[in-house]
Amino acid sequence: AELLQIQMDGAEIDRARLAEPDSPLRIAVIGQVSAGKSTLINALVSADRAETDAAPTTVRGAAYEIELGDIECFVFDLPGLDGAQKTREGILEEMKLADIIIFVTRANRPAREIDRSILAEWDAWFQTVPKRRRPPLVAVASCIDLLVENWPFAEHGIPPAALENIASTVTSIGAAIGTKTPIPVAATSPEWNIDAVRKELTGVLGEALMVQRN
């Protein structure tokens, strides 16, 4: 009887936990100063942009509401990595608390050691906490239009040579910073490939919810 009561009590606790609603997902947008983070966020949230009073816990930044796949999210536009240790430490803390990370690199900026080193440090921290679920990371290469002459082109009209240049650039960026190949975007008008970022974010929502619950 006692064992049965323990099992019933445990089941009630599990049911109570399942009844708790999920909090809005935290999407942290990381990158160097002038990497194009804010411009990308503006493109993602578009007309639904709404600054909130939900602030990051360790560093100042703006937070915006966005809905992805019927799931409420807060997108945090964090200060840019500038080489300062204090900034780096604050952003690392935000990365540890995030449910999704968007890592933005500027396609026409060759200096990537700051990006590589913070991602390596983030990875090393997760090696020390094996019980924590790692947030999915969506890599984005911004300002891709600055690499291609005569931009913009008509829809689906990017010349093969330009596409080859873009593909080579994003492959190189991924190898340099230690991520999978970034999604190339032009976030200023006329926007290009922003829907690919939305699709990628929507595709990792289930994983991000498990990160939050973990």
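Because the structure is predicted, anything quoted here is derived from the model rather than measured.

A.B. asks: Can you walk me through the sheet that holds strand 6 (residues 183–184) in this structure?
C.D. replies: Backbone hydrogen bonds hold the strands of a sheet together, and the pairing may be parallel or antiparallel. On the basis of which strands lie adjacent, the open sheet formed by six strands has the order 2-3-1-4-5-6 and mixed pairing. Of all strands in the sheet, those with a lone pairing partner are strand 2 (62–68) and strand 6, marking the two edges. Judged from the two bridges that link them, strand 5 (residues 137–142) and strand 6 form a sheet pairing that is parallel. Following the sheet pairing, Ala 141 is matched in strand 6 by Pro 184. Along the sheet, helix 4 (residues 113–127) contacts strand 4 (100–106) and strand 5; its crossing angle with strand 4, the most-contacted strand, is approximately 160 degrees. Where helix 7 (residues 205–213) meets the sheet, its contacts fall on strand 1 (25–31), strand 2, strand 3 (71–77) and strand 4, and the angle it forms with strand 1 comes to roughly 105 degrees.

A.B. asks: Just checking my understanding: could you explain the packing of aromatic side chains for this structure?
C.D. replies: For any two aromatic rings, the description comes down to two numbers: the centre-to-centre distance and the angle of the planes. A complete count under the given rule lists five aromatic pairs for this structure. Ring geometry for Trp 122 against Phe 126: centres 5.4 Å apart, planes inclined by 80 degrees, an arrangement best described as edge-to-face. Within this pair, Trp 122 and its partner Phe 126 are both found in helix 4, separated by four residues, close to a single helical turn. Overall, Trp 122 belongs to the buried group, its relative accessible area being 4%. You can call Phe 126 buried: its relative accessible area is 5%.

A.B. asks: How should I be thinking about the pairing of strand 2 in this particular structure?
C.D. replies: Regular strands place side chains that alternate from one sheet face to the opposite one. Within strand 2, five of the seven residues are buried, which leaves it mostly tucked inside the rest of the structure. As defined by bridge partners, strand 2 adjoins strand 3 across seven bridges and the pair is classed as antiparallel. Looking at the pairing, Ile 66 lines up with Cys 73 of strand 3. Between strand 2 and strand 3, which follow one another and run antiparallel, lie two residues, and Gly 69 among them has a positive phi close to 55 degrees.

A.B. asks: Looking at this structure, how should I read the side chain of Thr 87?
C.D. replies: Position of Thr 87 relative to the elements: it lies in helix 3 (residues 85–97). On the accessibility criterion, Thr 87 (18% relative accessible area) is buried. Among the polar contacts made by the side chain of Thr 87, one reaches the side chain of Asp 82 at a distance of 3.4 Å. Thr 87 has contacts with Gly 80 and Asp 82, leaving out every residue within four places of it along the chain.

Calculation notes
- Residues numbered from 1 in each chain as written.
- Predicted model: local features only at pLDDT ≥ 70, side-chain atom pairs only at ≥ 80, totals over all residues.
- Heavy atoms only, no water.
- Pairing = 2+ DSSP bridges.
- Helix = DSSP H or I, 4+ residues; strand = E, 2+ residues; numbered from the N terminus.
- Contact = heavy atoms within 4.5 Å.
- Axes fitted to C-alpha atoms, helices over the stretch in contact; angles between N-to-C directions.
- Phe/Tyr/Trp six-rings, centres within 6.5 Å; stacked < 30°, edge-to-face > 60°.
- Buried < 20%, exposed > 50% of the residue type's maximum accessible area, 1.4 Å probe, protein only.
- Polar contact = N/O pair within 3.5 Å; in protein donor to acceptor, adjacent residues only side chain to side chain.

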